[in-house]
Amino acid sequence: MFTQSLKPVLLSFFTGVFNHRSIGKTMSSGSVKVSKLSIVVEALNLTKSFDGFLAVDKISFKIYEREIFGLLGPNGAGKTTTLLMLTTVIKPTSGSAKIYGYDIRNKPGKVREIVGIAFQDPKLYWVQTPWNILVWHGMVCGLSRSSARQRVEDVLKLLDMWDARRKRAHELSGGMKKRVEVAKLLIQRPRIAIFDEPTSQIDVSGKHVIWEAIRTMRDEGSTVILATNDLSEADRLSDRVCIMHRGRIVALDTPWRLKDSIVGGDILEVEVLDEAPGKMIPEIKSIENVVEVVDLKRKLKVYLNKGEETAPKIVNLLLTKGVKVSSIKMSEPSLDEVFIRYTGLSIKDAEMKLRDER
Amino acid sequence: MNVKKVWLVAERDIFNFLEYRFLLLIRWIWFIFQIFLFGLVSSRFVVIENYFNYYASGMVTLMFYITALYIGYDLIEEAEHGVIDYLLSLPFSRREFVIGRSIGGGLRASFFALPSVLFVSWLIGGLNPFYFALAIFSLLLFSFSLSGFSISLAAAIKSHDKFDILMGVIDAFMVRLSTAMYPVEAMPRFYALISSLNPLSFASDVLRWGFNFKKYLLASPATDLTVILIFFLTFNAFGSYFYERRLEGGGWT
C-alpha cells in the first residue's frame, strides 16, 4: 500500500529534479534545437597579453543567439579581459572575434552598437547621480529623452533604487553602485548583453531580482554573456558554461553535461524503514551507470552517472522488491567539482594560487 | 560623424561641470580678487596707459583658458574611477567622442566665462559690436582648442600626478609668456618673441579688439582668428590621435 502510493510521487520527484536538465538540453549546442540557432559571437584564437603576461591565450568559442553563455572561472582567469575585447574596449594582441558578423578589429563601431556591458566594478563618475547616468546612457544607446526617462524610472523601481536616484555616485553603497551598473543594461536592452559578475556585492533578494531580469532579457531576445566566479549563479542561469583557467578554456558545454562528465558524479541517498538488505546491492550495482553502492545500515548511498535515467530505475527496483523507502535525496556534482576535474583545483584554491603567483 | 552623438558627449561634460559647485565658486572669487585687488593695485604703479583695462580683458581670457583646461582633469578622474572603459564601450566612434569632449569642455568654459566678458565690457565701457562678436567666436574656438589640448595631454600622460605637475609648468609658461597680463612692449625681446607666438596672446588680443581697446595690440583680428583656428584644428586632431591610441588598455596611474 505504502509502496504503491509512493511510486508516482517518487517518479514525479525525479521528473522535477531533472526538469532543469531537460531545459538545458534544448539549449545545448549538441541538440537539434540549438543547431538551428544562429551563431552571434564567434571568437577565433582570441589572445591578449599585457607586457609579456598572457591574460587570454588563443581562445575560440561560439555563442548562439538567445542563449545565456556563462563564463566561469576564478578571478584572474581571463574572463574580464575577454569581455573587454568583445566590447572593443581593448584590442586583441592576436586572433579576433566576430559579433553578428562584424569583426571587433575592423568594425568596432558596429560592434559597439550591438553589445552592451555591465562591468564588474561599477563605472560611475563620482559627481553624477544614478538618474543622470542612466538617462544619458539610455539616450546614448538610441532612446529618446522621454523614453529613456520612463525606462530609467521602471528599472530603478525594479532594482529598488528609486529613492536613491538623486544621490551622487560617491554617496552610494557598493551594492547600490552595482545595481546602477546592472541597470545600464536593463535600460539599453542590447542584442548582446554582457554581465561581468552582476551580483557581487548584492544582497540575496537583489540577486534574485537581477537573475530574473537577466532571464527576461534573454526571453525578450537578447543573447547574454554572464561572467561569474559564483558557481551557483553560473549553474542557475547558464544554458552553456565556458570554464576558463589561466587564460584558456578548459571546458565548454551545458552545465548538466559538464557535471555528467564526472564519473559517478550523481549521488542518490535512499533511506529505508528497515535495514537495507545486503543482497540488493549487487542488483543495484548491475543497473547501468551505477558506479558504487555504499550500505550505511538504514541508508543506501549510490554513486551513479546520468542520474535522471538511473535513479528512477534504482527506486523502482527497491519498491518492486518490497523495500520500504522513507526518504530519498538526490545530489549532483557542483560546477566546482567540474572545475576540479579539469584543473585539479577548486575555484577558491585556483584564485588563491593565481593571487600568490602575482 | 553623428552630430547627435557628439552633442550627447558634450552635454555630459557640461552637466558634470555644473556639479563642481565649490570649484566654480572659488574660481569666481579668484577672478574678483584678480580684478579688484591685483588689477587695481598694479595699475597704480605700472606705467602702461589704461593698464587696468588691459589687465581686466586679459583676465577674462584667462577665465576661458583655465576653465577650458579642466576637461583634462575630468579625463584623469574618470580613468581613476574606471569610467574610461565604460565610455570606450559606448556606441561612439573615438573621433565623435574626442570632438564631443572638446566641444563640451569648450562650451562649459564659455558659459562659465561669459558673465566675466559682460562684466568687464561694462567696466571698460567700450565695445565694437563686429569685433566683439568675432572675439566671442574666437574665444569659443580657443576654448575648444584648449579642451582638445588638455585631453591630448591627459591621454598621453595617463598619470594624475604627472598631469598636475605638467599643467603647472605649462600654465607658468603659457600665462607668463603671453600678452594676457602685459603687452610685448613691456617684455625683454626674447620673451616678446615667444609671447607673440602664444595662442593665449592672440585670444587676449582679439578680445581687446572686441572691447575697443586699441593700445598694445599684437595683430589684426583676422590674424588672431587664423592662429586660433590652427590651434583648434591641431589639438582636436592630436586629441583624437591620443584618445584612439592611448586610452585603451589601462595603464593609468
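Quick notes on the rules
Residues numbered from 1 in each chain as written. Chains lettered and ligands numbered in written order. Predicted model: local features only at pLDDT ≥ 70, side-chain atom pairs only at ≥ 80, totals over all residues. Heavy atoms only, no water. Buried < 20%, exposed > 50% of the residue type's maximum accessible area, 1.4 Å probe, protein only. Helix = DSSP H or I, 4+ residues; strand = E, 2+ residues; numbered from the N terminus. Arc of directions from axis to C-beta. Contact = heavy atoms within 4.5 Å. Expected span 1.5 Å × (residues − 1). Buried area = accessible area lost by both parts, 1.4 Å probe. Salt bridge = Lys/Arg side-chain N within 4 Å of Asp/Glu carboxyl O. Nonpolar A, V, L, I, M, F, W, Y, C, P; charged D, E, K, R; others polar. Pairing = 2+ DSSP bridges. Lys, Arg positive; Asp, Glu negative; His and termini not counted. Phe/Tyr/Trp six-rings, centres within 6.5 Å; stacked < 30°, edge-to-face > 60°. Lys NZ or Arg CZ within 6 Å of the ring centre and 35° of its normal. pLDDT = per-residue confidence, 0-100.

(A) Structural context of helix H15 (residues 347-357) of chain A. All names here are of chain A. Residues of H15 that are buried: Ile347, Ala350, Glu351 and Leu354. The buried residues of H15 occupy an angular sector of 100 degrees when projected down its axis, which confines them to one face. The exposed set on the far side of H15, more than 90 degrees from its buried face, consists of Lys348 and Asp356. Buried residues belonging to H15 abut strand E3 (68-72), helix H10 (231-237), strand E9 (240-245) and helix H14 (335-343).

(B) The arrangement of helix H13 (residues 307-320) of chain A in detail. Residue and element names in this part refer to chain A. Relative to the 20 Å expected for 14 residues at 1.5 Å per residue, H13 spans 19 Å between its end C-alpha atoms, a close match to the ideal helical length. With 10 of 14 residues buried, H13 lies mostly within the body of the structure. For H13, the set of buried residues is Gly307, Glu308, Thr310, Ala311, Pro312, Ile314, Val315, Leu317, Leu318 and Leu319. The first or second residue beyond H13 is Gly322, which carries a positive phi of 80 degrees.

(C) Here's a closer look at unusual backbone geometry. Residues and elements named next belong to chain A. Although it is not a glycine, Arg246 sits at a positive phi angle of roughly 50 degrees. Note on placement: Arg246 falls in the loop between E9 and strand E10 (248-253). In this structure, Lys306 is a non-glycine residue whose phi angle is positive, near 45 degrees. Along the chain, Lys306 falls in the loop between strand E13 (299-304) and H13. Overall, the relative accessible area of 40% leaves Lys306 in the partly exposed class.

(D) How the structure looks around the interface of chain B and chain A. At the interface, 28 residues of chain B touch 24 residues of chain A. Carbon and sulfur atoms supply 55% of the area buried between chain B and chain A, which totals about 2,500 Å² over both sides. Between Glu11(B) and Arg145(A) there is a salt bridge; the shortest N-O distance is 2.9 Å. Of all the elements in the fold, those that place two or more residues in the side of chain B that touches chain A are helix H1 (3-18), helix H4 (70-80) and helix H5 (83-88) of chain B. A total of 6 residues in the side of chain B that touches chain A trace back to one element, the largest contributor, which is H1(B). Class assignment of the residues belonging to the side of chain B that touches chain A gives a composition of 10 nonpolar, 6 polar and 12 charged.

(E) How the structure looks around the pairing of strand E2 (residues 53-64) of chain A. Residue and element names in this part refer to chain A. Note: strand E1 (residues 39-50) against E2, 8 bridges, orientation antiparallel. When the bridges of E2 are listed, Glu42 appears paired with Lys62. Where E1 folds back on E2, the antiparallel hairpin that results is connected by 2 residues, among which Asp51 adopts a positive phi of roughly 45 degrees.

(F) A look at the side chain of Asp196(A). Residues and elements named next belong to chain A. The topology assignment puts Asp196 in strand E7 (residues 192-196). The buried charged residue Asp196 lacks any salt bridge partner; its closest oppositely charged side chain belongs to Lys79, at an N-O distance of 6.1 Å. Non-local contacts of Asp196, meaning those with residues more than four positions away in its chain, are made with Thr80, Leu83, Ala118, Phe119, Gln120, Lys178 and Ala227.

(G) View of the packing of aromatic side chains. In total, this model carries 25 aromatic pairs over all chains according to the counting rule given. Ring centres of Tyr51(B) and Tyr54(B) lie 6.4 Å apart, and the angle between their planes is 20 degrees; on these two criteria the pair is classed as stacked. With a gap of 3 residues between them, Tyr51(B) and Tyr54(B) both fall in helix H3 (residues 51-68), about one helical turn apart. With respect to class, Tyr51(B) is no different from Tyr54(B); both count as buried. Measuring from centroid to centroid gives 5.9 Å for Tyr51(B) and Tyr55(B), while their planes differ by 40 degrees, and the two rings are tilted. You can see Tyr51(B) and its partner Tyr55(B) sitting in helix H3, 4 residues apart, about one turn around the helix. This pair shows no difference in class: Tyr51(B) is buried, exactly as Tyr55(B) is. Here the aromatic residues Tyr125(A), Trp126(A), Phe17(B), Tyr20(B), Trp28(B), Phe31(B), Tyr70(B) and Phe112(B) are joined through ring pairs into a cluster of three or more. Above the ring of Trp162(A), the side-chain terminus of Arg165(A) is found at 3.8 Å from the ring centroid. Over the face of the ring belonging to Trp30(B) we find Arg27(B), whose NZ or CZ atom lies 4.9 Å from the ring centre.

(H) Spatial organisation of the confidence of the model for chain A. Residues with a pLDDT of 70 or more make up 89% of chain A, whose mean pLDDT is 85. Counting interchain partners and residues more than four positions distant, the pLDDT-below-50 stretch residues 1-35 of chain A has 54 contacts.

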